[in-house]
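Listed below are the residues making up each chain.
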Amino acid sequence: MLIGKRNLLVVLTIITALAVGGASAVLANGNSGNVIYACVNNSSGTVQIVAADTVCHQNSTLVHWNQEGTPGQDGTDGVDGQDGTDGQDGADGQDGVAGISGYEQVARAQIYTDVSEGLFMTVGVTCPDGKKVLGGGASGFITAGTHLVASNPSLADESGWDVIFQATRAASTISLSAYAICGFVAP
């Protein structure tokens, strides 16, 4: 038997009310999952929530519906918002530590004559007043063999560079040079 328009409206109203508040009744009748089952009286429109395997009485129709509908489609993206205003400038940072300035290279050459084998020969170079030595080195122009023994800052205040050579054999003349890289260094 078909449900009339008036009864259908009543049934749908009751079903909606029961769907919102009748979840506990569904679980109490042994129904699990997201489907709700009910017997609707074809004459009065009365709705009775039942278990899934219930057979409705004569003059009643078994109906069912989901607790949740299927998800709708995603909406379209909204329009991007306007850019915010610029923030305030931050406070100035502290001044950095002073670096190196006044870079210069200073060199000194020294000639040794009548050199005997095993002789140690030192050549030192000093930075201009106020400057510290940053590095240094040595070179030798020889008519006889030498080898470099040391090349390092010379003074406790690091204002010069010393190099030490040793003659590996006797020679009439040996020309040696030391150089220093100097600059002003902040304390």
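Our structure's up above, just so we're on the same page.
Described below are features of the structure shown in this document. (Residues numbered from 1 in each chain as written. Predicted model: local features only at pLDDT ≥ 70, side-chain atom pairs only at ≥ 80, totals over all residues. Heavy atoms only, no water.)

**A few points about the sheet that holds strand E3 (residues 60–66)**
Read across the sheet, 3 strands follow the order E2-E1-E3 without closing on themselves; strand pairing throughout is antiparallel. A single partner strand is all that each edge strand has here, and the edge strands are strand E2 (47–50) and E3. On average, each strand axis in the sheet is inclined to that of its neighbour by 30°, with strand direction left out of account. When strand E1 (residues 35–41) meets E2, the two strands line up antiparallel, connected through 4 bridges. Counterpart to Cys 39 in the pairing with E2 is Gln 48. (Pairing = 2+ DSSP bridges. Helix = DSSP H or I, 4+ residues; strand = E, 2+ residues; numbered from the N terminus. Axes fitted to C-alpha atoms, helices over the stretch in contact; angles between N-to-C directions.)

**A look at the nonpolar core**
The biggest cluster of nonpolar side chains holds 18 residues, and the ones touching the most others in it are Met 121, Ile 174, Leu 176 and Ala 180. Residue assignment for this core shows that the elements contributing at least two residues are strand E4 (100–115), strand E5 (120–126), strand E8 (160–167) and strand E9 (171–185). Excluding residues within four positions of it along the chain, Ala 180 makes contact with Glu 104, Gln 105, Val 106, Val 125, Cys 127, Val 133, Gly 135, Gly 136 and Trp 161. (Core = buried A, V, L, I, M, F, W, Y, C linked by side-chain atoms within 4.5 Å. Buried < 20%, exposed > 50% of the residue type's maximum accessible area, 1.4 Å probe, protein only. Contact = heavy atoms within 4.5 Å.)

**Let's talk about the state of the cysteines**
Tallying each qualifying case throughout the model produces 2 disulfides. With its sulfur 2.0 Å from that of its partner, Cys 39 forms a disulfide with Cys 56. When the S-S torsion is -90°, as for the bridge of Cys 39 with Cys 56, the disulfide is left-handed. Taken together, the positions of Cys 39 in strand E1 and Cys 56 in the loop between E2 and E3 put the pair 17 residues apart, joining distant regions of the chain. In this structure Cys 39 comes out as buried when scored by relative accessible area, which is 7%. The residue that forms a disulfide with Cys 127 is Cys 182, at a sulfur-sulfur distance of 2.0 Å. Disulfide Cys 127-Cys 182: the torsion about the S-S bond is -80°, which places it as left-handed. Separated by 55 residues along the polypeptide, Cys 127 in the loop between E5 and strand E6 (132–142) and Cys 182 in strand E9 bring together distant segments of the chain. Cys 182 shares its class with Cys 127; the two are buried. (Disulfide = S-S within 2.5 Å.)

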